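Chain and residue survey
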2 protein chains.
Amino acid sequence: MFEKVKVDEKEYKRVPKDELFRVVKEIFVALNVPEEDAEIVADNLVMADLRGVESHGVQRLKRYVDGIKAGGVKVNPNIRVVKESPVYALIDGDEALGQVAAYRAMRLAIEKAKKNGIGVVGVRNSNHYGIAGYYAYKIAKEGLVGISMTTSRPLVAHTGAMEKFVGTNPIALGAPVEGQEEPFLLDMATSVVPSGKIEVYRRKNKPVPGEWAISTETGEIIHDPNEILSPKGAILPLGGLGELSGGHKGYGLAVLVDILSGVLMGATWSRHVGGTSDKHSDVGHFFMAIDPGAFGDADEFKRNMRKMIDELKNAKKHPRFERIWVHGEKGHLTAETRLKAGIPIYRKVYDEINAIAKELGVTPLS
Amino acid sequence: MFEKVKVDEKEYKRVPKDELFRVVKEIFVALNVPEEDAEIVADNLVMADLRGVESHGVQRLKRYVDGIKAGGVKVNPNIRVVKESPVYALIDGDEALGQVAAYRAMRLAIEKAKKNGIGVVGVRNSNHYGIAGYYAYKIAKEGLVGISMTTSRPLVAHTGAMEKFVGTNPIALGAPVEGQEEPFLLDMATSVVPSGKIEVYRRKNKPVPGEWAISTETGEIIHDPNEILSPKGAILPLGGLGELSGGHKGYGLAVLVDILSGVLMGATWSRHVGGTSDKHSDVGHFFMAIDPGAFGDADEFKRNMRKMIDELKNAKKHPRFERIWVHGEKGHLTAETRLKAGIPIYRKVYDEINAIAKELGVTPLS
């Protein structure tokens, strides 16, 4: 029984996965989202909570609901393929729920990769698409290597800057591994931490432990999560402040994501990327699926993934660490635990979801 | 007159670019490398020095020469396309000089992208290919978005480990920008610093300033460059030791590179990647070229790259920084300076090159 994040059972209520999925789905359906689309969004949000990425789970439900109510997110969008070849496509999301446009793009990338070895599909005019890893995971479950990236709202001060400017722009990569159902799964913000991690400290009213953010007024490192999340703070890129520990690399990776999922796809970038609950945000996504069988033998690929992972885990261990992890492992173990014990939902979020449910005539979480 | 790295003129000798290129090329030709291939390697090494990446420049010449002499690198390899489609290919490098196999793969990726929007070309059985940015730069100069990655020798202790295990596995991305000849160019090791940066401190006999490496015996942070570069030290991934500042992300990016350029391409990975001067190293590379015109309008892409870059540079500046840089800019300015003033070659390296030249009957650097 392992969980990625320690859960204080007093502060959380455990909900069975299927029940959480039902309520989230029904809430979207009540907002006139087609059932199939509601299932995609629910699957995406619940998967985040299941795997211990609380910041991208159902605690975001209210923002999505507000986005739909405010008209910034269309429930019956005209998602269409704007450009297409046997190996690539560009999709216009028409201000859909990000997950819905992204899912369609991801499916198309998978289809193309299965037929022609490679599929690159971009999306413009989209919204927040949840965890980047969701799509990389799904692609990997099809036996392909999956890449997923997205632009995101400006929260990070790039190297030399002193304002929220670039996004936390995540990069995710999934790949199938022999002998295990769950894929290798890297899913990382290109900032030193994702904003969700700071939200957790804000909720606990505790200073953040690392050098994660600066004041946008003095440029000094700050630790107060309220200040960091206010206009007075900005998160640092992976590598931290300045170039000494490679902050310019995290900055560069954020720009890489902005180029591939924003500029290349005709979507916007960095500080132009909007929120999810106000006006249209023009988020851009990038998906890539690669059939390992195109370059070599698909089974050998999986075998070598297995070998590589086992080697990484069995390296000479640092005494300060309990064990060596491989990406995706903590999420998989957390999901296993939560499928049995239920998904812990922060009590305030639980109440919030039930308030939304009641308002929309949906049977609340039991 | 800007140079990325401050040059102590007493320790260096400035050599005109063309003269440096001539000697390096002639040395390879004297080693029976075909003239065309010798030009590729010389261009690659000289470009590194020109742009201020001394660690990957002609100071590596001796290693390449030793590799050829030891038989680990073939001067007349049978480089062949093993698998191919209109958008992808796998090349077997047959233990060629890394640059030679990589250049061929890069050209093929460009050709495919120009015809079919996308080109992904991998290489197995290769060797050290110089700076990753060289290939991304060349692709970008063709008006395409270019990505270049390579596996590399184990020098980095991944999160939780206490030995040299994964490579410094670089990621490079180049993209054309309106109004400037030189592309946007990100070229980064996925470790906190590349090993070359530590070599510079070793030469100066100075401790490294950052938390860049650990002892493989105690796991503690160490600063002695000799120790770091010996079997007793290991570089840390981008993000540093443990997970507090995202060390697991740098580790994840190193694995991402190992998957795409190693496992996927039928090459080896992490600790199996060999050196360049001993036995065959089976390095793997990954190249991708994307035509921005496939997804949208190529001119608009360049215009928006221009806009994005100008915005990044004009963000509210942190008082501790002189200016805000964009990736590639320092290298371009350094190259401009050095084209006029000459490329600074460390005196020991200068002597080493001339010793090799004399031994091979090549006219030494004047």
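Rules behind the numbers
Residues numbered from 1 in each chain as written. Chains lettered and ligands numbered in written order. Predicted model: local features only at pLDDT ≥ 70, side-chain atom pairs only at ≥ 80, totals over all residues. Heavy atoms only, no water. Helix = DSSP H or I, 4+ residues; strand = E, 2+ residues; numbered from the N terminus. Rg over C-alpha atoms; globule rule 2.2 N^0.38 Å. Contact = heavy atoms within 4.5 Å. Areas by Shrake-Rupley, 256 points an atom, 1.4 Å probe, with all protein chains shown as cover. Lys, Arg positive; Asp, Glu negative; His and termini not counted. Charge placed at Lys NZ, Arg CZ, Asp CG, Glu CD. Pairing = 2+ DSSP bridges. Axes fitted to C-alpha atoms, helices over the stretch in contact; angles between N-to-C directions. Parallel < 35°, antiparallel > 145°, perpendicular 65-115°, else oblique. Nonpolar A, V, L, I, M, F, W, Y, C, P; charged D, E, K, R; others polar. Buried < 20%, exposed > 50% of the residue type's maximum accessible area, 1.4 Å probe, protein only. Least-squares fit on C-alpha atoms with pLDDT ≥ 70 in both. pLDDT = per-residue confidence, 0-100. 1 Å grid on protein atoms, 1.4 Å probe; cavity = no way out; pocket = protein on both sides within 12 Å on 5 of 7 lines; lining within 4 Å. Points joined across faces, edges and corners; volume = space filled by probe spheres on them. Salt bridge = Lys/Arg side-chain N within 4 Å of Asp/Glu carboxyl O. Buried area = accessible area lost by both parts, 1.4 Å probe. Polar contact = N/O pair within 3.5 Å; in protein donor to acceptor, adjacent residues only side chain to side chain. Arc of directions from axis to C-beta.

What about the overall build of chain A?
Looking only at helices and strands, chain A has twelve helices and eleven strands in total. For chain A, the C-alpha radius of gyration of 20 Å lies close to 21 Å, the compact-globule estimate for 366 residues. With the C-alpha coordinates aligned to their principal axes, the bounding extent of chain A is approximately 50 × 50 × 45 Å. Of all intrachain contacts in chain A linking residues separated by at least 6 positions in sequence, the fraction that spans at least 24 positions is 65%. Per element, the accessible surface of chain A, about 13100 Å² overall, is 47% carbon and sulfur. For chain A, the distance from the average site of its 50 positive side-chain charges to the average site of its 48 negative ones is 2 Å.

Considering the sheet that holds strand S10 (residues 283-290) of chain A
Pairing in this open sheet of seven strands is mixed, and the strands run S2-S3-S4-S10-S5-S6-S7 (chain A) from one edge to the other. Each edge of the sheet is formed by a strand with only one pairing partner; in this case those strands are strand S2 (80-84) and strand S7 (184-188) of chain A. Pairs of neighbouring strands in the sheet enclose a mean axial angle of 15°, with direction left out of account. As paired strands, strand S4 (residues 118-126) of chain A and S10(A) are joined by seven bridges and run antiparallel to one another. The partner of A:Gly119 across the bridge, within S10(A), is A:Ala289. The strands touched by helix H8 (residues 247-263) of chain B within the sheet are strand S5 (145-150), strand S6 (171-175), S7 and S10 of chain A, with S7(A) carrying the most contacts at an inclination of about 130°.

With respect to the packing of helix H1 (residues 17-30) of chain A against helix H3 (residues 61-70) of chain A
All names here are of chain A. Put simply, H1 and H3 touch, their axes get as near as 11 Å, and they point 10° apart. Judged on the interaxial angle alone, H3 and H1 are roughly parallel. Together, Val24, Ile27 and Phe28 of H1 and Leu61, Tyr64, Val65 and Ile68 of H3 make up the contact between the two elements. Among the residues forming the contact of H1 with H3, the class breakdown is seven nonpolar, no polar and no charged.

What about unusual backbone geometry?
In this structure, A:Asp282 takes a positive phi of about 50° despite not being glycine. In this fold, A:Asp282 is placed in the loop between helix H8 (247-263) and S10. Relative accessible area serves as the criterion here: at 17%, A:Asp282 is assigned to the buried category. Even without a glycine there, the phi angle at B:Asn32 is positive, about 75°. By the element assignment, B:Asn32 lies in the loop between helix H1 (17-30) and helix H2 (35-50).

Focus on the environment of B:Pro292
On the secondary structure map, B:Pro292 appears in helix H9 (residues 292-295). Put simply, B:Pro292 and B:Pro176 are 116 residues apart on the chain and 9.6 Å apart in space, counted from C-alpha to C-alpha. In this view, B:Pro292 contacts A:Leu264, B:Gly143, B:Leu144, B:Val145, B:Asp297, B:Ala298 and B:Phe301; residues no more than four positions away in its chain are not counted.

Describing the relation of the copies chain B and chain A
After a rotation of 180° and a shift along the axis of 0.0 Å, chain B superposes on chain A with an RMSD of 0.0 Å. Taken together, the turn and the small shift mark the pair as related by a two-fold rotation axis. Across chain B, the rotation axis passes nearest the C-alpha of B:Gly239, at a separation of 2.5 Å. Take the interface residues of chain B: 100% of them recur as interface residues in chain A, which is what a same-surface contact looks like.

Brief notes about the confidence of the model for chain A
Of the residues in chain A, 99% have a pLDDT of 70 or more, and the chain-wide mean is 96. Confidence metrics for the complex model read pTM 0.98 and ipTM 0.98.

Observations concerning empty space enclosed by the protein
Scanning the entire structure with this criterion turns up seven cavities of 30 Å³ or more. What lines the largest cavity is a set of 17 residues, and nearest its centre among them are A:Ile147, A:Met149, A:Leu256, B:Ile147 and B:Met149. Of the residues that constitute the lining of the largest cavity, the class distribution is 17 nonpolar, no polar and no charged. A volume near 80 Å³ is recorded for the second largest cavity. Surrounding the second largest cavity, B:Val5, B:Lys6, B:Val7, B:Tyr12, B:Asp49, B:Gly52, B:Val53, B:Glu54, B:Arg338 and B:Pro344 form its lining. Looking at side-chain class alone, the lining of the second largest cavity contains five nonpolar, one polar and four charged residues.

Brief notes about the pattern of salt bridges
Residues and elements named next belong to chain A. Tallying each qualifying case throughout the model produces 48 salt bridges over all chains. Note that glutamate 26 is salt-bridged to arginine 22, the shortest N-O span being 2.9 Å. In this pair, glutamate 26 and arginine 22 are both assigned in helix H1, four residues apart and thus about one turn of the helix distant. Taking the relative accessible area as the measure of exposure, glutamate 26 reaches 30% and is therefore partly exposed.

Looking at the interface of chain B and chain A
Contacts between the two partners involve 89 residues from chain B, matched on the other side by 89 residues from chain A. A combined buried area of about 7400 Å² lies between chain B and chain A, and 69% of that area is made up of carbon and sulfur atoms. At the boundary of chain B with chain A, the tally comes to four salt bridges. The partner of A:Glu243 in a salt bridge is B:Lys330, with the nearest N and O atoms 2.9 Å apart. Counting across the interface, chain B meets chain A through 38 residue pairs in polar contact (both at pLDDT 80 or more). When residues of the side of chain B that touches chain A are assigned to their parent elements, the largest contribution, eleven residues, is made by H8(B). Its residues assigned to classes, the side of chain B that touches chain A shows 52 nonpolar, 24 polar and 13 charged.

A word on helix H3 (residues 61-70) of chain B
All names here are of chain B. Residues of H3 that are buried: Leu61, Tyr64, Val65, Gly67 and Ile68. Seen along its axis, H3 keeps its buried residues to an arc of 155°; they face one direction. Positive backbone phi, approximately 85°, marks glycine 71, located one or two places after H3.

A closer look at the pairing of strand S7 (residues 184-188) of chain B
All names here are of chain B. Here S7 lies mainly inside the structure; four of its five residues are buried. Where strand S6 (residues 171-175) and S7 come together, five bridges link them in antiparallel fashion. Bridge pairing links leucine 173 to leucine 186 in S7.

Some thoughts on the sheet that holds strand S5 (residues 145-150) of chain B
Residues and elements named next belong to chain B. Sheet architecture is open: seven strands sit in the order S2-S3-S4-S10-S5-S6-S7, paired in mixed fashion. Across the chains shown, the open sheet's two edge strands, defined by having one partner strand only, are strand S2 (80-84) and S7. Averaged over all adjacent pairs, the angle separating strand axes in this sheet is 15°, with direction ignored. Two elements, S5 and S6, share four bridges in a ladder whose sense is antiparallel. Looking across to S6, one finds that serine 148 is bridged to alanine 172.

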